[in-house]
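Tertiary structure, described
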Amino acid sequence: MSVVTEPKNIPYYFCKSVHQNPDRPALSFVDGEVISYSVLSDAVMRLAEKLSSFGIGTGDQVAVLAPNSPNWVISYLAILYTGATVVPILNDFTETEITNILTHSESKAVIVSSNLRDKVRPDLMPDLKHIISIENFSVEPTGQQSENGQVNSVFNSCDPQLILSALSRIPEDQVAAIIYTSGTTGFSKGVMLTHKNIVSNIVSTYGIQKIIPTDRMLSILPLSHTYECTLGFLMPLFYGASVYYLAGVPSPTILLEALGKIKPTLMLSVPLVIEKIYKNRILPKFASGLPKVLYSFPPTRKLLHRIAGKKLMESFGGQIHFFGIGGALLDESVERFLWEADFPYQIGYGLTETSPLVAGTPTNKHLFRSTGFCPPGQEMKLININPATGEGEIVTRGDNVMKGYYKNDDLTRSVFTPDGWFRTGDLGYMDKSGRLFFKGRLKNVIIGANGKNIYPEEIEAVVNRHKFVIESIVYEMKGKLIAMVHLDYQKVEEFYNQLKDNAQAFQDDMENQIKKILAEIQHFVNMQMNVHSHIAVIIEQPVPFEKTPTMKIKKYKYIA
C-alpha cells in the first residue's frame, strides 16, 4: 500500500495553519492592530488575485523591497499563491545594486515601500511591468505594456477544501525564492530555494525546537534574509504562533519598550545585538570596586552572572524560552555570561544556500561553544580534515540544500562535491556525539609562522572586548596581522572628560591621543593571545564598517 505524503509547498502549509487557527493572532506591529489568521488569509488571497490579473504566475519573478511589516508577509505569501517566485531585496542595497538584481532576476513586478521607491528605476528595466505600493497595494503606472491574466477561480472561492486542494498542486521543486546575497553590479549571486528546500528545513528545525500557537515571536532581523524569513516568519505561521514587528529601527529604547509590551517567548538575533547588551549594560556593573574583585573569581563571577541574568530576563519581558543566535561567531566571553546566567539562548549554524539551518539543538541540550547537531532528515560531515586538530570543511546535504545559483551553472557546480555534498566554505570540528563547533570561514583562515591555523574571528572577538572598540576586522598583509578598528568615540570623549587635566590635551592633540589609544588596544589584545596571533599593526577605521543583514562586516570592502 502506498504512503500518502503531504505536499511540501509553502502555501499549502500556511493554508493548513489558517484552518487550524482561524481566530488566533497571526501578525501585528508592536503597537498596531492584530491580524488574525483568517484575516491574513483573506488579505493574501486578495493580493494574489490582483497579481494574477496582471498575468503573474508560474515562471514569473516578483520582487519585494520594503522594511519588515505585516504587508511584507502578505506580499510574500500572495506571490507564492500565484505560483510565481519571490525575490526579496535588502533595503540597504544601493540603487545600482537594486537595478542589477531586478534586471538579473527578470522581475515582472516589484512591491516596494514609499521610502525606498526612489531606488527603483523602471526606465532601466524592460522586464519590470508593475510597481506596487506595499502600504496599500495600489499600482503605479510604469509606461510598460501590461498583460491581462485570467484570474484563478480559487482566489474567489469560499470553499476551504477547494483552496487547499488547489494550493497543494504547486510543485515542491518549484523555486519559491531567489535570494541575492550580493548586489554588486559586476557579479550577481541569486540563491534559488525551492518550496521543498524551505518547508523541509522548517519541519527539520521543528524536530529540535517546538513552536506552539501560544508562542509570540518578536522580529528584529530583516525578512529579506533567509534566517529571519524561514525561522522567524514562516515557521511561526506554520505552527499557529504570532509574530510582531517593530515600526522603526530597533534602537535600544524602541527594543526595550517592545519587549515589555509583547513579552515574547521566541526571538532570533545576531551576535552583535547581545554583545552590545553585554558590553554596554552588563559588564560596566563589574568594572570597578568590590564587584570587580568578586568578578575575578569564577565562583563569585557565576553568582554575579546569575543575578545579572535574572535582570536581563526581566528586561526581555520575563517569558522568553528560546533566544536563537546565528549569522556569525558569538564572542566567547558573552556566551560564558549567557551560559552561567542560565539565559535560554541557543546558537545555530546555517547559510542562505541551506534554507538556512544546518546545526542546532534544543536549549536544554546545548553545550558551551557548540552550534549543536544536524537536524533530523539532514546530513552533515567534515571533509579534508586536519589530523592534528580534527578540523575540516563543513559539508551538508538534504532536501534543504538549494537548487543552485540563478543563471550560474558553473558556480553551482563549484560548490558541490562530486558525490553531491554542499561545500559551506566554513571550518569546524565535531565531537564524538556529532555536535558541531564552528571555527570560521575557510577563506579567512590565516596560516601562522608555526603552520597552525589562525582564525581572525577569534582575535576580533578579543579586540572588540576593549572598552573603546565597537567593531574590528583582522587580516594578514605581508606576513603580519593587521587589525582595523572602529572606536566608540563617545566613550573616548567621556573618559577624557572625566580626567580634567587630560580632557583639553585630548581635544588639542586628538591625532596623537588616538594613536595612544590604538597602542593600548594592541597591548590589550596581545597580552591575551599566543605569540603567533599577535597584532603587528592597528589601524583606525573612522566610520562604521559596512555590514550584511546579519551584521557581519563586509570584509572584502576593506581588505585589498
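The present account deals with the structure reproduced in this document. (Residues numbered from 1 in each chain as written. Predicted model: local features only at pLDDT ≥ 70, side-chain atom pairs only at ≥ 80, totals over all residues. Heavy atoms only, no water.)

**Points about the nonpolar core**
Short version of the rule: Definition used in this section: a nonpolar core is a set of buried Ala, Val, Leu, Ile, Met, Phe, Trp, Tyr and Cys residues joined via side-chain atoms within 4.5 Å. Any residue under 20% of the maximum accessible area for its type is buried, any over 50% is exposed, and the rest in between are partly exposed; the area is computed with a 1.4 Å probe on protein chains only. Under the DSSP-based scheme used, a helix requires at least four consecutive residues in state H or I and a strand at least two consecutive residues in state E, with every element numbered from the N terminus. Residue contacts follow a heavy-atom distance rule, with two residues in contact if any of their heavy atoms lie within 4.5 Å.
Residues Ile 10, Tyr 76, Leu 218, Phe 233 and Leu 237 are the most contacted members of the largest nonpolar core, which totals 119 residues. At nine residues, helix H3 (residues 70-81) tops the list of elements feeding residues into this core. If we skip the residues at most four places from it in the chain, Tyr 76 touches Ile 10, Val 86, Ala 177, Ile 198, Cys 229, Phe 233 and Leu 234. Among the nonpolar cores identified, the runner-up in size contains 22 residues, and Val 469, Ile 517, Val 525 and Ile 535 belong to it.

**Thoughts on the sheet that holds strand E17 (residues 379-383)**
What links the strands of a sheet is backbone hydrogen bonding, and the strands pair in either a parallel or an antiparallel sense. Our working rule: Two strands are counted as paired when DSSP detects at least two bridges linking them. Interaxial angle, 0 to 180 degrees, is taken between N-to-C directions of lines fitted to C-alpha atoms, where a helix line uses only the stretch in contact.
Here we have four strands laid out as an open sheet, ordered E17-E18-E20-E21, and antiparallel in their pairing. Bordering the open sheet on either side are E17 and strand E21 (436-441), each of which pairs with just one other strand. With direction set aside, neighbouring strand axes in the sheet form an average angle of 45°. Both E17 and strand E18 (residues 392-397) contribute to a ladder of five bridges, which runs antiparallel. Among the inter-strand pairings, Glu 379 is bridged to a residue of E18, identified as Arg 397.

**Regarding the packing of aromatic side chains**
Spelled out, the test is: Working definition: a ring pair exists when centres of Phe, Tyr or Trp rings (six-membered ring for Trp) sit within 6.5 Å. Plane angles under 30 degrees give stacked, over 60 give edge-to-face, the rest tilted. Charges are assigned to positions over rings by a cutoff of 6 Å between ring centre and Lys NZ or Arg CZ, combined with an angular limit of 35 degrees from the ring normal.
Within this structure, the stated rule accounts for 17 aromatic pairs. Arranged with centres 5.2 Å apart and planes meeting at 25°, the rings of Tyr 13 and Phe 238 form a pair that is stacked. Linking Tyr 13 in helix H1 (residues 10-20) with Phe 238 in helix H7 (residues 226-238), this pair joins segments that are 225 residues apart in sequence. We note that Tyr 13, like Phe 238, is buried. One aromatic cluster in this structure is built from Tyr 12, Tyr 13 and Phe 238. Sitting over the face of the ring of Tyr 206, Lys 210 holds its NZ or CZ atom 5.1 Å from the ring centroid.

**Considerations on the packing of helix H14 (residues 456-463) against helix H17 (residues 510-526)**
Note the following rule: Throughout, the term roughly parallel applies to angles under 35 degrees, roughly antiparallel to angles over 145, roughly perpendicular to angles from 65 to 115, and oblique to all others. By convention the crossing between two helices is left-handed if the near helix lies anticlockwise of the far one by an angle smaller than a right angle, and right-handed if it lies clockwise. Basically, the charged four are Asp, Glu, Lys and Arg, the nonpolar ten are Ala, Val, Leu, Ile, Met, Phe, Trp, Tyr, Cys and Pro, and anything else, Gly included, counts as polar.
Where H14 contacts H17, the two axes come as close as 9 Å, and the packing angle between them is 120°. Classified by the angle their axes make, H14 and H17 are oblique. Considering the relative orientation of H14 and H17, their crossing is right-handed. Contacts from Ile 459, Val 462 and Val 463 in H14 reach Ile 521, Phe 524 and Val 525 in H17. Within the contact of H14 with H17, the residues separate by chemical class into six nonpolar, no polar and no charged.

**Remarks on H17**
Defined as follows: The length a helix should cover is 1.5 Å for every residue beyond the first.
Spanning 17 residues, H17 covers 24 Å between terminal C-alpha atoms, matching the ideal 24 Å at 1.5 Å per step. Buried within H17 we find Gln 513, Ile 514, Ile 517, Leu 518, Ile 521, Val 525 and Asn 526.

**Notes on the sheet that holds strand E26 (residues 537-540)**
Sheet architecture is open: three strands sit in the order E24-E25-E26, paired in mixed fashion. At either margin of the open sheet sits one strand with a lone partner, and together these are strand E24 (469-477) and E26. Averaged over all pairs of adjacent strands, the angle between strand axes in this sheet comes to 25°, irrespective of strand direction. Packing against the sheet, H14 makes contact with E24 and strand E25 (480-487), and its axis sits at approximately 145° to E24. Across the sheet, H17 is in contact with E24, E25 and E26; its angle to E26 comes to roughly 135°.

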